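An overview of the molecular structure
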Protein chains: 6
Amino acid sequence: MPTGLPAANSSVVTDDEGWVWAQIKAEARRDAESEPALASYLYSTILSHSSLERSLSFHLGNKLCSSTLLSTLLYDLFLNAFSSDPSLRSAAVADLRAARERDPACVSYSHCLLNYKGFLACQAHRVAHLLWRQSRRPLALALHSRIADVFAVDIHPAARIGKGILFDHATGVVVGETAVIGNNVSILHHVTLGGTGKVGGDRHPKIGDGVLIGAGATILGNIMIGEGAKVGAGSVVLIDVPPRTTAVGNPARLVGGKEKPSRHEDVPGESMDHTSFISEWSDYII
Amino acid sequence: MPTGLPAANSSVVTDDEGWVWAQIKAEARRDAESEPALASYLYSTILSHSSLERSLSFHLGNKLCSSTLLSTLLYDLFLNAFSSDPSLRSAAVADLRAARERDPACVSYSHCLLNYKGFLACQAHRVAHLLWRQSRRPLALALHSRIADVFAVDIHPAARIGKGILFDHATGVVVGETAVIGNNVSILHHVTLGGTGKVGGDRHPKIGDGVLIGAGATILGNIMIGEGAKVGAGSVVLIDVPPRTTAVGNPARLVGGKEKPSRHEDVPGESMDHTSFISEWSDYII
Amino acid sequence: MPTGLPAANSSVVTDDEGWVWAQIKAEARRDAESEPALASYLYSTILSHSSLERSLSFHLGNKLCSSTLLSTLLYDLFLNAFSSDPSLRSAAVADLRAARERDPACVSYSHCLLNYKGFLACQAHRVAHLLWRQSRRPLALALHSRIADVFAVDIHPAARIGKGILFDHATGVVVGETAVIGNNVSILHHVTLGGTGKVGGDRHPKIGDGVLIGAGATILGNIMIGEGAKVGAGSVVLIDVPPRTTAVGNPARLVGGKEKPSRHEDVPGESMDHTSFISEWSDYII
Amino acid sequence: MPTGLPAANSSVVTDDEGWVWAQIKAEARRDAESEPALASYLYSTILSHSSLERSLSFHLGNKLCSSTLLSTLLYDLFLNAFSSDPSLRSAAVADLRAARERDPACVSYSHCLLNYKGFLACQAHRVAHLLWRQSRRPLALALHSRIADVFAVDIHPAARIGKGILFDHATGVVVGETAVIGNNVSILHHVTLGGTGKVGGDRHPKIGDGVLIGAGATILGNIMIGEGAKVGAGSVVLIDVPPRTTAVGNPARLVGGKEKPSRHEDVPGESMDHTSFISEWSDYII
Amino acid sequence: MPTGLPAANSSVVTDDEGWVWAQIKAEARRDAESEPALASYLYSTILSHSSLERSLSFHLGNKLCSSTLLSTLLYDLFLNAFSSDPSLRSAAVADLRAARERDPACVSYSHCLLNYKGFLACQAHRVAHLLWRQSRRPLALALHSRIADVFAVDIHPAARIGKGILFDHATGVVVGETAVIGNNVSILHHVTLGGTGKVGGDRHPKIGDGVLIGAGATILGNIMIGEGAKVGAGSVVLIDVPPRTTAVGNPARLVGGKEKPSRHEDVPGESMDHTSFISEWSDYII
Amino acid sequence: MPTGLPAANSSVVTDDEGWVWAQIKAEARRDAESEPALASYLYSTILSHSSLERSLSFHLGNKLCSSTLLSTLLYDLFLNAFSSDPSLRSAAVADLRAARERDPACVSYSHCLLNYKGFLACQAHRVAHLLWRQSRRPLALALHSRIADVFAVDIHPAARIGKGILFDHATGVVVGETAVIGNNVSILHHVTLGGTGKVGGDRHPKIGDGVLIGAGATILGNIMIGEGAKVGAGSVVLIDVPPRTTAVGNPARLVGGKEKPSRHEDVPGESMDHTSFISEWSDYII
């Protein structure tokens, strides 16, 4: 019996995707005109391509290739994945928007597409994750290794990551095998979502929607960082953090105290307020 | 007077080395069959080689080469070192075993050989260290620089490192000139074994056998981390840590207190228990 | 009215620059003679060049190039910048001296020029910064991206950096858009000079002359680290630090107390004493 | 009115194409097993691909790329052409068969696919010709230039070439803009199908079906080499050659004389008999 | 006594050079707009450069580089030569005009600049010749070797070559050490200007102004091909050829006979008439 | 019973080899000193190596590598062959001497080693031939293909070639599968030793000791060019040429006539006299 639903069509470009791609091309065209020295780069990475998926596949293929993993092989792999799985493309678009909206240093969509190692590592991870789910694990791990070498971002291909993610600066991020990251999360550089030891199984953090994790925070074990929680820079977190609370320090404590912690805005992962908790952080006495 | 000992023969392959190499080839063959897209890579890095030392030399040569330090030069350098010094080979085998046994995300020996930047950086360091001891310092330092660029792992070529080492994730590890690391040690990413200032001489930490150092720990100065000690993630350690105790926090304190610190298992570097001390860490109050 | 000053001449080589370049060539010649395996590298990067600016441009061009940003383009860009702006050259010389004088592991000027990723990232940043000031922002950001990929050092091209800077080890350093770093500052690896959120404007730290910032310190917001102050390794600093005081811990506190903090030597950025404050850091109780 | 013809479908693989591709894979598999040093190459060029068009596109993309024309761009271009135009694929198959059947040194189809510069240059030319017909002339000429550099085979993209062509050895072949080559032609190395001067228009030779042209023959002007004719090695031909006759010498004369030239076999381009005319070549008197 | 002449200034761009460069940029801009796939290439090789000498230096540097002779080194070498010696630039312009005017397949100046291996080999030779005259012979010979490898054009760096030269197709051209080629000469592919044996000294042909040499002609020994002479394709010439006569055949004879050879147009090197002598070539009897 | 012969030892360096290698190093050292721009190249290809076999293996590995056949693989292959088979080394030395003694343009041994494509193609062919004899045919053919692409020299790996060979200029040389070339032969560029058709078996020329073959000569079929014979440039030879006679023309005739051909010097392959026969070549009538 017909469902009445439109046939799934992996190659349909959504309006949103189309709009972002049009922005990217317009930005690249403007930059190519104003800066001839960069025009060749902008044409090869963006302006010569007919779609975001082709541009991204080309760029990742050339960034991640090595003398033993050729760019043509990687390009093929990426293009296949991005062409056949529309959710990869919508996630990329959501991540582009996240960088553009949350990071004041992000001056354009094309700037993020070309230069943000966190964005690029995340998109490449999504493809590695797809391969992992397809039981193509050796290939997923080889891709993982290239991402870790090239971007110094080490996300295990089994880790599950939502949409609208900003890995800001990104260098040194480590995300373990059984970690899960929700939607609209912002994670700064040097953040670890690590395990607890040598026993396998579910052993890494679960990060709720809208969470903000400051630079250098270390979160270890199969614990829950609740929706909209905030983890201060440099914190070491080994126990669950309740939703919409802030954990700071080493070892981390809740701002406002364990019993009646302060509650803050709903989606710090989007509002990106890193430092509002200072006045409440009683020990802080410089 | 004859000693009755067999003549030293640098090219003898030990049983252990032979067994691991056979495993690696079997794993690579299986993966090449199941994943044609990776077969070329597996043949070039593993299956076309007649020994672990050739495979490793090829892989490191191609990973670490640049436009001014050619792969053929580095390959030659590595092959020479691994062929002539059997202790380099046995250390590599011990490190492969360490990763396979301690890291639940390490699914095979070949996975470690191909993809673990900590493993690869460590083997390349061992060769840089050999060059350093042979007073070929400019070459040792050039190699050191390539390792730091490619893997974001910065181990001074003079640092002495034991066997059975796991550098897990490895990005951001810094090990200073006069540091010493014992056997069966596990060190997570972003760990610093740093110096104390601009005066030369012996100024970096000494890490005893079986120590476990958590992610992002900073250990500074010519201090001793005793056998089987544990340093918690994110800790800042500036004073000796007694054997089989746990130091946590910034500044680090001993779990259980300075006077009667808790004692734990003998070899945390092997058991890899990162978080068991939580309940005893009194300040930790989320 | 004539000033009586000599006309500015961008191609004049200062005595200091000439002396350092002569040292570098002598060191490279000595190393090339003693180590034939490295001679080719030393000739291509140093000995074949007629000036420090050419050597540095060549080296950076080859280090930072990619398949889509060719070495010839980058070489041209660097050579243009270093040739036309003498302050870039004098800053490079001051940075070479800083490494040579402050880092006991720095055995020669050529060692720093060739191998110090902090030095190289900083010189490349200076050129990116020049491009930024010339409103060639897309090019500045593309260069920024290459520096972040290759050296894992992420300095926004708008950030202003003085002379005589030592980025020691350098991996993982992040410096935000509106950060300012004075002269004679020493910054260890994994240091973050970060922002406070998603609002633009002046939002990053200002680091006074002669400051020393230890490994892994995180300094966030538009705060002032006063002249000659010291920030301990792993500290998290969110409030101004007065001149010539030491802030340590997470959250950071002043050594000696908030009211009457201890004062130390004038230029810790030069004296590089990382650990002298330990005895005064009362909580430190291993 | 329906034609009764099957719909054109560019991605249908013909039986013939499928058979040859199966042969190639079987040969490559056999060779990879017997020669581990070559296995990586065989997997990357043949065994990792799902079709002849992908293998050929990969191989040509990697052979013809340069630092300014990247392999990913060329791969895309070739794959697009071979995927969308089945006549390109059937011509490639016919050329593979021609080499295999006519050249006793051609030991396998995969040998031709991988190693015959004449075969590879011809397939790349067919794509350049397609671009030319699509009025994408600058791209066609850039591809032409790469073919001429890499293979020393210089076929103008406008030249029209039939199927079942063997360019044996191929180095030094030059084919001008208005030249036409029929089906089942064999052309040895250093053969020129050249023009007559600086006036444009139709000015290059037309080579009939089944023609054989010996090494180093120079054929100039808008003349006709009739079906099944033979041109001896080293000949210089400036006037039409009648079908199934043999022209030899410099200047070329017909074997058997102008009035009653000897007739030979029908398709020398297939029978490849280079020297049977010797006894009739009266001047030949060593 | 002052001459009243303007001082020589090597960086002055002549009107002619400026006009051709403007044409080239306009052509490249038009092609980049119509063909996005080629735009990156056109920007990197032409449109990002401020002068013909920079574009040519970039293009040659990237074409001729190898893993042991880096593009940056060659770029520097070419740019130095073209910048300091205006005669190199005017010769390049004259050669561009020669191709554009004489070769009906040459559709634009940029087509010649980018794609004509004869043009590129000749400009690179001019730089090698400059090095030779400066007694930098090992470097001249290394460059010679790269030209011979990459373009299959083998011109000894000591050979002297005039202006307005067209090496059409160019593959296989060999020009010996003591050869001299005048102005406005056109030489087809596979032409040899060779020596006579193993004795040194002046032993190669001298080619007068305006000469046209057909494909595959072999001219051996210290003989004179007089001004405006024509050598037919495939000819073997071992004796002087008088001005404005035509030598054809193997061994070559004068068209019209030794005693009263036919005279033709003044500058066949420009008129490019390859075949007009046929009717007079009495032996030619197909 | 002992033979009295010294044991075969593949790694013994003969006096001759040692002497030539010492010359090469001395020449390279002199050139590196006088030309800093070339010093890097000279160190990487010659001065950093401990033996001729290592230098040659490095140079060939880097010249012949491609993105799918890595330099490390080829280097290994060459080094293995040259180390294990002393006859390859003595042939290389004999060929170096041949170039140095017979070619007045050959200014030094190192010039030949670095720059002579004929020399390099011949040494690489010798290794391909060794592989062929060891029944490693796919690898031999892959190497053959690289030599043909890179040097435009196409020698079938089965062809047997003696010692003291000079392939002068070399571009375009084609040598078929069953060809045999004796000792002390000199062969100019564009020479073909070709077959006769599509039937397999012994079908290519046999070239006696001391033969000289001029540029562009085409020799076809299983014929004998007798010891010390000379083949003029551009000749087409299809019948045996007796020892110490000269064949010239197209078709070739014997100088002096078929019945009583002129006899010349014993070893024209060494004396290299290309043109002495002119006066006797009666048809030659310019």
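Residue indices follow the written sequence of each chain, beginning from 1 at its first position. Starting at A for chains and at 1 for ligands, labels are handed out in the order in which the entities are written. Two thresholds apply to this predicted model, a pLDDT of at least 70 for residue-level local features and 80 or more for giving and counting side-chain atom pairs, whereas whole-chain, interface and lining totals are computed over all residues.

A few points about the overall build of chain A
This is how it is decided: Labels follow the DSSP assignment, with helices taken as runs of H or I lasting at least four residues and strands as runs of E lasting at least two, numbered in each case from the N terminus. The quantity called the radius of gyration is restricted to C-alpha atoms. Its globule counterpart is 2.2 Å times the number of residues to the power 0.38. Burial is judged by counting the other C-beta atoms within 10 Å of a residue's own C-beta: 20 or more makes it buried, 12 or fewer makes it exposed, and any count in between marks it as partly exposed, with every C-beta position built from the backbone. By the criterion used throughout, residues are in contact when their C-beta atoms, derived from the backbone, lie within 7 Å.
When you go through chain A residue by residue, the secondary structure sums to 9 helices and 15 strands. Relative to a compact globule of 286 residues, whose C-alpha radius of gyration would be 19 Å, chain A shows 20 Å and is just as compact. Looking at chain A as a whole, 68% of its 286 residues are labelled buried. For chain A, the proportion of contacts with a sequence separation of at least 24, taken over those separated by at least 6, is 43%.

Digging into the packing of helix H7 (residues 117-133) of chain B against helix H8 (residues 137-151) of chain B
All names here are of chain B. Convention followed: Only the stretch in contact is used when a helix axis is fitted, and all axes are lines through C-alpha atoms; the angle between N-to-C directions ranges over 0 to 180 degrees. In these notes the angle categories are as follows: under 35 degrees is roughly parallel, over 145 is roughly antiparallel, 65 to 115 is roughly perpendicular, and the rest is oblique. Note on residue classes: Ala, Val, Leu, Ile, Met, Phe, Trp, Tyr, Cys and Pro are nonpolar, Asp, Glu, Lys and Arg are charged, and everything else, Gly too, is polar.
Closest axis-to-axis distance for the H7/H8 pair is 8 Å, and the angle between their directions is 170 degrees. Taken as axis vectors, H7 and H8 run roughly antiparallel relative to one another. Two secondary-structure elements touch here, H7 through Lys117, Leu120, Ala121, Ala124, His125, Val127, Ala128, Leu131 and Trp132 and H8 through Arg137, Leu139, Ala140, Leu143, His144, Ile147 and Phe151. In the contact of H7 with H8, the residues fall into 12 nonpolar, 2 polar and 2 charged.

A word on the relation of the copies chain F and chain B
Inclusion rule: The copies were overlaid with a least-squares fit restricted to C-alpha atoms from residues scoring a pLDDT of at least 70 in each copy.
Least-squares fitting of chain F to chain B yields an RMSD of 0.0 Å, with the transformation described by 0.0 Å of translation along the axis and a rotation of 180 degrees. When the rotation and shift are considered jointly, the pair of chain copies conforms to a two-fold rotation axis. The C-alpha atom lying nearest the rotation axis in chain F is that of Thr72 of chain F; the distance is 2.6 Å.

Concerning the UniProt feature "domain: Serine acetyltransferase N-terminal" (unreviewed entry) in chain A
As a reminder of what qualifies: UniProt positions are given in the numbering used here, feature names are shortened, and annotations may be inferred rather than shown by experiment.
Mapped onto this numbering, the UniProt entry gives "domain: Serine acetyltransferase N-terminal" (unreviewed entry) at residues 20-124 of chain A. Secondary structure across residues 20-124 of chain A comprises 82% helix and 0% strand; the distance between its end C-alpha atoms is 19 Å.

Observations concerning the domain arrangement of chain A
Residues and elements named next belong to chain A. What counts here: Those domain boundaries reflect an automatic or database domain assignment.
Domain annotation of chain A identifies domain 1 (14-155) and domain 2 (159-286). Taking only C-alpha atoms into account, the centre of domain 1 sits 26 Å from that of domain 2. Between domain 1 and domain 2, the residue contacts involve 18 residues of the former and 18 residues of the latter. Elements represented by at least two residues in the side of domain 1 that touches domain 2 include exactly helix H5 (86-102), helix H7 (117-133) and strand S1 (154-155). By residue number, the principal contributor to the side of domain 1 that touches domain 2 is H5, which donates 7 residues. Taken together, the residues of the side of domain 1 that touches domain 2 break down into 10 nonpolar, 2 polar and 6 charged.

Remarks on the environment of Asn183 of chain A
Residue and element names in this part refer to chain A. If you trace the backbone, Asn183 turns up in the loop between strand S5 (180-181) and strand S6 (186-188). Separated by 19 residues in the primary sequence, Asn183 and Gly164 place their C-alpha atoms 5.8 Å from one another. Sequence-distant contacts of Asn183, defined by excluding residues within four places in its chain, comprise Gly162, Lys163, Gly164 and Asp209.

Describing the interface of chain F and chain B
Contact residues are listed per partner, giving 8 residues for chain F and 8 residues for chain B. Every element with two or more residues in the side of chain F that touches chain B is listed here: helix H3 (52-64) and helix H4 (71-84) of chain F. For the side of chain F that touches chain B, the class distribution of residues is 3 nonpolar, 5 polar and no charged.

Observations regarding the interface of chain C and chain B
In this assembly, 42 residues from chain C lie in contact with 43 residues from chain B. Going through the elements one at a time, helix H2 (36-47), helix H6 (109-115) and helix H8 (137-151) of chain C are the ones with two or more residues in the side of chain C that touches chain B. Looking at the side of chain C that touches chain B element by element, the count peaks at 5 residues for H2 of chain C. Taken together, the residues of the side of chain C that touches chain B break down into 17 nonpolar, 18 polar and 7 charged.

What to know about the packing of helix H3 (residues 52-64) of chain C against helix H4 (residues 71-84) of chain C
Two quantities define a packed helix pair, namely the angle between the axes and the distance from one axis to the other. Residues and elements named next belong to chain C. So the rule is basically this: For any pair of crossing helices, the crossing counts as left-handed if the nearer helix is rotated counterclockwise from the farther one by less than a right angle, and right-handed if it is rotated clockwise.
Contact pair H3 / H4: the axes reach a minimum separation of 8 Å and the direction vectors enclose 145 degrees. The way H3 lies across H4 gives a crossing that is right-handed. Counted together, Glu53, Arg54, Leu56, Ser57, Phe58, Leu60, Gly61, Asn62 and Leu64 of H3 and Ser71, Leu74, Tyr75, Phe78, Leu79, Phe82 and Ser83 of H4 form the full contact between these two elements. The residue makeup of the contact of H3 with H4, split by class, is 9 nonpolar, 5 polar and 2 charged.

As for the relation of the copies chain C and chain B
Rotating chain C by 120 degrees and moving it 0.0 Å along the rotation axis overlays it on chain B with an RMSD of 0.0 Å. Taken together, the turn and the small shift mark the pair as related by a three-fold rotation axis. Take the interface residues of chain C: only 12% of them recur as interface residues in chain B, which is what a contact between different surfaces looks like.

Points about the sheet that holds strand S10 (residues 218-220) of chain E
Residues and elements named next belong to chain E. Let me state the cut-off plainly: We call two strands paired when DSSP finds no fewer than two bridges between them.
An order of S1-S4-S7-S10-S13 is seen for the 5 strands of this open sheet, with the pairing classed as parallel. Pairing within the sheet leaves two strands with one partner each, and these edge strands are strand S1 (154-155) and strand S13 (236-237). Strand direction decides the pairing type here: strand S4 (residues 174-175) and strand S7 (residues 192-194), joined by 2 bridges, are parallel. Bridging across to S7, Val174 finds its partner in Thr192.

Examining the sheet that holds strand S8 (residues 206-207) of chain E
On the basis of which strands lie adjacent, the open sheet formed by 4 strands has the order S2-S5-S8-S11 (chain E) and parallel pairing. In the strand order of this sheet, the two ends are held by strand S2 (160-161) and strand S11 (224-225) of chain E, each with one partner.

Thoughts on the confidence of the model for chain A
Keep this limit in mind: Residue-level confidence of the predictor is summarised by pLDDT, bounded by 0 at the bottom and 100 at the top.
Residues of chain A with pLDDT of at least 70 account for 92%, and the chain-wide mean is 92. The ipTM, which scores confidence in the relative placement of chains, is 0.93 for this predicted complex, and the corresponding pTM is 0.94.

Focus on unusual backbone geometry
Note that the residue after Asn250 of chain A, namely Pro251 of chain A, is joined by a cis bond; omega there is 0 degrees. The phi dihedral of Ala152 of chain C falls on the positive side, at around 55 degrees, and the residue is not glycine. By the secondary structure assignment, Ala152 of chain C is in the loop between H8 and strand S1 (154-155). Here Ala152 of chain C falls in the buried class, since 31 other C-beta atoms lie within 10 Å of it.

Let's talk about the environment of His169 of chain F
Note on placement: His169 of chain F falls in the loop between strand S3 (166-168) and strand S4 (174-175). His169 of chain F gets classed as buried once you count the C-beta atoms within 10 Å, which come to 27. The contacts of His169 of chain F, once residues within four sequence positions are left out, are Asp154 and Val174 of chain E together with Gly118, Leu188 and His189 of chain F.

Digging into H4 of chain F
Operational definition: Between the first and last residue of a helix there are one fewer steps than residues, each counted as 1.5 Å, and that sum is the expected span.
Along its 14 residues, H4 of chain F runs 20 Å from first to last C-alpha, staying within 8% of the 20 Å computed at 1.5 Å per residue. By the criterion of burial, H4 of chain F is predominantly enclosed, with 11 of the 14 residues buried. Ser71, Thr72, Leu73, Leu74, Tyr75, Asp76, Leu77, Phe78, Leu79, Ala81 and Phe82 of chain F are the residues of H4 of chain F that are buried. Buried residues along H4 of chain F sit against helix H3 (52-64) and helix H4 (71-84) of chain B, helix H2 (36-47) of chain D together with H3, helix H5 (86-102) and helix H7 (117-133) of chain F.

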